[in-house]
Amino acid sequence: FRIQNGPIKENGVNGCQVDTIVETAQAIVTGLNVQFPCKENKKIIHHLASALHWSKKRKADREKRNVEGKNEV
């Protein structure tokens, strides 16, 4: 993975977002859990889903404040 460096609005798309990596990890572990189900995989899937939830909440809050995609707090 090449990680996005800086806000897209300021630097253009130059890599992937962290959410993309988390979603990919979630898909991989979900697939593994189909083949090799265990409580640890279920916990990983749960926590990755939680990470995505909070990341999306953060993004929505930043969009509401009109600072999403900018180097602003």
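Going by the structure above, here's the rest.
In every chain, residue numbers begin from 1 and rise along the written sequence. In keeping with the predicted nature of the model, local features appear solely for residues at pLDDT of at least 70, side-chain atom pairs appear and are counted solely at 80 or more, and the whole-chain, interface and lining totals rest on all residues. Side-chain numbers here rest on the full set of heavy atoms in the structure, without hydrogens or water.

## Remarks on the overall build of the protein chain
Consideration 1: The secondary structure content of the protein chain amounts to 3 helices and 0 strands.
Consideration 2: Working definition: helices are DSSP H or I runs of at least four residues, strands are E runs of at least two. Numbering for both runs from the N terminus. Reading the helices (α) and strands (β) of the protein chain from amino to carboxyl end gives α-α-α.
Consideration 3: When we talk radius of gyration, it's over C-alpha atoms, and the globule rule is simply 2.2 Å times the number of residues to the 0.38. The C-alpha atoms of the protein chain give 15 Å as radius of gyration, which overshoots the globular expectation for 73 residues (11 Å, by more than 25%).
Consideration 4: Across its three principal directions, the C-alpha atoms of the protein chain cover 45 × 25 × 10 Å.
Consideration 5: A contact between two residues is defined here by any heavy atoms of the two lying within 4.5 Å. Residue pairs in contact within the protein chain that sit at least 24 positions apart in sequence constitute 31% of those at least 6 positions apart.
Consideration 6: Values of accessible area rely on a 1.4 Å probe in the Shrake-Rupley scheme; residue burial ignores everything except the protein chains shown. Accessible area of the protein chain: about 5,600 Å², with a carbon and sulfur share of 58%.

## Here we look at the side chain of N33
Consideration 1: Summarising the element assignment, N33 is placed in helix α2 (residues 18–35).
Consideration 2: Pairing of N or O atoms within 3.5 Å defines a polar contact, subject to two protein rules: one partner must be a possible hydrogen donor and the other a possible acceptor, and residues neighboring in sequence count only if both atoms are side-chain atoms. In terms of polar contacts, N33 uses its side chain to reach the side chain of N41, at 3.4 Å.
Consideration 3: If near-sequence neighbours (up to four positions away) are discounted, N33 is found in contact with C38, N41, K42 and I45.

## Observations regarding the layout of surface pockets
Consideration 1: The rule is simple: put a 1 Å grid over the protein atoms alone, call a set of points where a 1.4 Å probe fits but cannot get out a cavity, call an open set with protein on both sides within 12 Å along at least five of seven lines a pocket, and count a residue as lining if it has an atom within 4 Å of a point. Grid points are joined across faces, edges and corners, and a volume is the space filled by probe spheres set on the points. The calculated volume of the largest pocket comes to roughly 530 Å³.
Consideration 2: As for the largest pocket, its lining consists of 18 residues, of which Q17, R58, K59, E68 and G69 are closest to the centre.
Consideration 3: Listed by contribution, the elements that provide at least two residues to the lining of the largest pocket are α1 (8–11), α2 and α3 (39–64).
Consideration 4: Looking at which element gives the most residues to the lining of the largest pocket, the answer is α3, with 4 residues.
Consideration 5: Of the residues in the lining of the largest pocket, the class split is 5 nonpolar, 6 polar and 7 charged. In the scheme used here, Gly and all other residues not listed as nonpolar or charged are polar, with Ala, Val, Leu, Ile, Met, Phe, Trp, Tyr, Cys and Pro taken as nonpolar and Asp, Glu, Lys and Arg as charged.

Honestly, it's all geometry; don't read function into it.
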